[in-house]
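What follows is the residue order along each chain.
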Amino acid sequence: GSLKVEGRLSCMAHAKVGWDIPCPSMTAHAGYGGLYHPSIPRPLTLREAMRVASFPDDFEWLGTITDQRRGMGNSVPPLMMKAISEVIRDDLLRK
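Conventions used here
- Residues numbered from 1 in each chain as written.
- Predicted model: local features only at pLDDT ≥ 70, side-chain atom pairs only at ≥ 80, totals over all residues.
- Heavy atoms only, no water.
- Helix = DSSP H or I, 4+ residues; strand = E, 2+ residues; numbered from the N terminus.
- Contact = heavy atoms within 4.5 Å.
- Salt bridge = Lys/Arg side-chain N within 4 Å of Asp/Glu carboxyl O.
- Buried < 20%, exposed > 50% of the residue type's maximum accessible area, 1.4 Å probe, protein only.
- Phe/Tyr/Trp six-rings, centres within 6.5 Å; stacked < 30°, edge-to-face > 60°.
- Patch = residues over 30% accessible without salt bridge, like charges linked within 9 Å, V, L, I, M, F, W, Y side chains within 5 Å.
- Areas by Shrake-Rupley, 256 points an atom, 1.4 Å probe, with all protein chains shown as cover.
- pLDDT = per-residue confidence, 0-100.

**Some points on the environment of Trp61**
Right, on to step 1. Here Trp61 lies in the loop between α1 (46–52) and α2 (65–74).
Right, on to step 2. Along the sequence, Trp61 and Leu46 sit 15 residues apart, while their C-alpha atoms lie 9.6 Å from each other.
Right, on to step 3. Sequence-distant contacts of Trp61, defined by excluding residues within four places in its chain, comprise Leu46, Met50, Phe55, Gln68, Gly71, Met72 and Ser75.

In structure tokens form, the structure reads like this:
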């Protein structure tokens, strides 16, 4: 659903994650946004959000739960960063 936030329309308010569709962006606001489990009526856990974002299962965030959620929301997903870095590397090697 959508929600008016400070005069703007926010599509991230309580977005339900789908099993077979790309996940909406996770943001530092409220940890990783209002992302909800696809089949259970509850927000994603930090571990579930980490899996969606391609973090390995043995990765651990440090600090309070607020710090951990903020870190998750501010992060670049590892597989996305890998793809970006490969394009940059390939571009540099061509020059």
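**Describing the pattern of salt bridges**
Right, on to step 1. Across all of its chains, the model carries seven salt bridges by this definition.
Right, on to step 2. Between Glu48 and Arg42 there is a salt bridge, with its nearest N and O atoms 2.7 Å apart.
Right, on to step 3. Given a relative accessible area of 26%, Arg42 falls into the partly exposed group.
Right, on to step 4. The partner of Arg94 in a salt bridge is Asp91, and the shortest N-O contact between them spans 3.8 Å. Residue Arg94 and its partner Asp91 are located together in helix α3 (residues 78–94), separated by three residues, close to a single helical turn.
Right, on to step 5. Each of Asp91, Arg94 and Lys95 takes part in salt bridges that share partners, so that together they form one network.

**What to know about the packing of aromatic side chains**
Aromatic ring pairs are reported here in terms of the distance separating the ring centres and the angle at which the planes meet.
Right, on to step 1. A full pass over the atoms with the stated rule returns three aromatic pairs.
Right, on to step 2. Judged by centre distance (5.1 Å) and plane angle (75°), the ring pair of Phe59 and Trp61 falls under edge-to-face.
Right, on to step 3. The exposure class of Phe59 is partly exposed, given its relative accessible area of 29%.
Right, on to step 4. Aromatic rings pair up to connect Phe55, Phe59 and Trp61 into one cluster.

**Some thoughts on a nonpolar patch on the surface**
Right, on to step 1. Together, Val76, Met80, Met81, Ile84, Ile88 and Leu92 make up a nonpolar patch on the protein surface, roughly 540 Å² of accessible area in all.
Right, on to step 2. Residue classification places Leu92 among the exposed residues on the basis of a relative accessible area of 55%.

**What to know about unusual backbone geometry**
Right, on to step 1. Positive phi is not limited to glycine here, since Ser54 has a value of about 75°.
Right, on to step 2. Here Ser54 shows up in the loop between α1 and α2.

**Quick word on α2**
Right, on to step 1. Gln68, Gly71, Met72 and Gly73 are the residues of α2 that are buried.
Right, on to step 2. Residues of α2 that are buried make contact with α1.

**Some remarks on the side chain of Gln68**
Right, on to step 1. Structurally, Gln68 can be placed in helix α2.
Right, on to step 2. Discounting residues that sit within four places of it in the chain, Gln68 has contacts with Leu46, Trp61, Leu62 and Gly63.

**Quick word on the confidence of the model for the chain**
Right, on to step 1. With 80% of its residues at a pLDDT of 70 or more, the chain has an overall mean of 80.
Right, on to step 2. Within the chain, strand β1 (residues 3–5) has the poorest average pLDDT of any element, 39, and α3 the best, 95.
Right, on to step 3. Under a pLDDT of 50 for its full length, residues 1–12 has, in the predicted model, 17 contacts with residues more than four places off or in other chains.

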